[in-house]
Amino acid sequence: MFSLTDLGISVTTEVEKVNTRNGAFSFWSNYLGIGQSKILKTILDNPGIDLDELGNQSGYTNGGGTFGNYIRELKRLELITITDKIAKPNNVFFQLVNA
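In every chain, residue numbers begin from 1 and rise along the written sequence. Local features in a predicted model are, by the rule used here, given only for residues with pLDDT of at least 70; side-chain atom pairs are given and counted only at 80 or more, and totals for whole chains, interfaces and linings are based on all residues. Here the side-chain values reflect all heavy atoms present in the structure, with hydrogen atoms and water set aside.

Peer 1: Honestly, the sheet that holds strand β1 (residues 49-50) in this entry has me stumped. Any pointers?
Peer 2: As a general point, the strands of a sheet are linked pairwise by backbone hydrogen bonds and lie either parallel or antiparallel. In short, DSSP must find at least two bridges between two strands for them to pair. We count a stretch as a helix when DSSP gives it H or I for four or more residues in a row; a strand needs E for two or more, and each element gets its number in order from the N terminus. Taken in spatial order, the three strands make up an open sheet running β1-β3-β2, and their pairing is antiparallel. Where the open sheet ends on each side, the last strands, each with one partner, are β1 and β2 (80-83). Where β1 lies against strand β3 (residues 86-89), two bridges are found, and the strand directions are antiparallel. Bridged to I49 within β3 is A87.

Okay, structure coming up:
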């Protein structure tokens, strides 16, 4: 669970609570590029998707440079995990939804 510290509250003017999957996706898509958002949405709609199928459904080629860059960035942000070529939303993402 994530929460703002007293210092964080003191320096922000407004905090939008994100409590749905679509709300969390909308929040993150404002910070991600179009391609990263498309890949994240595909993973959210198909948890446990194979990387080849993820590429097909999102319009990219698994193994391509752009696809790999987008996947690395989503992993760096801890929004997704990849295990044995299977992509899943990270638990951190859903903690944001349930916060």
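Peer 1: Explanation requested: the pairing of β3 in the structure shown.
Peer 2: Two faces make up the sheet, and in a regular strand the side chains alternate between them. Only protein chains enter the accessibility calculation, which uses a 1.4 Å probe; a residue is then buried when its area is under 20% of its type maximum, exposed when over 50%, and partly exposed in between. Side chains of β3 alternate between two faces, with A87 and P89 buried and I86 and K88 left unburied. Looking at chain direction, β2 and β3 are connected through four bridges and run antiparallel. Residue pairing for β3: I80 is matched across the bridge by P89. The hairpin turn running from β2 into β3, its antiparallel successor, is two residues long, and D84 in that turn takes a positive phi close to 50 degrees.

Peer 1: Please clarify how the environment of E78 should be interpreted in this entry.
Peer 2: With respect to the helices, strands and loops of the structure, E78 is situated in the loop between α5 (65-76) and β2. Among the residues examined, E78 registers a relative accessible area of 43% and is labelled partly exposed. Sequence separation between E78 and N91 is 13 residues; the distance between their C-alpha atoms is 8.6 Å.

Bear in mind that shape data such as this cannot, by itself, settle questions of function.
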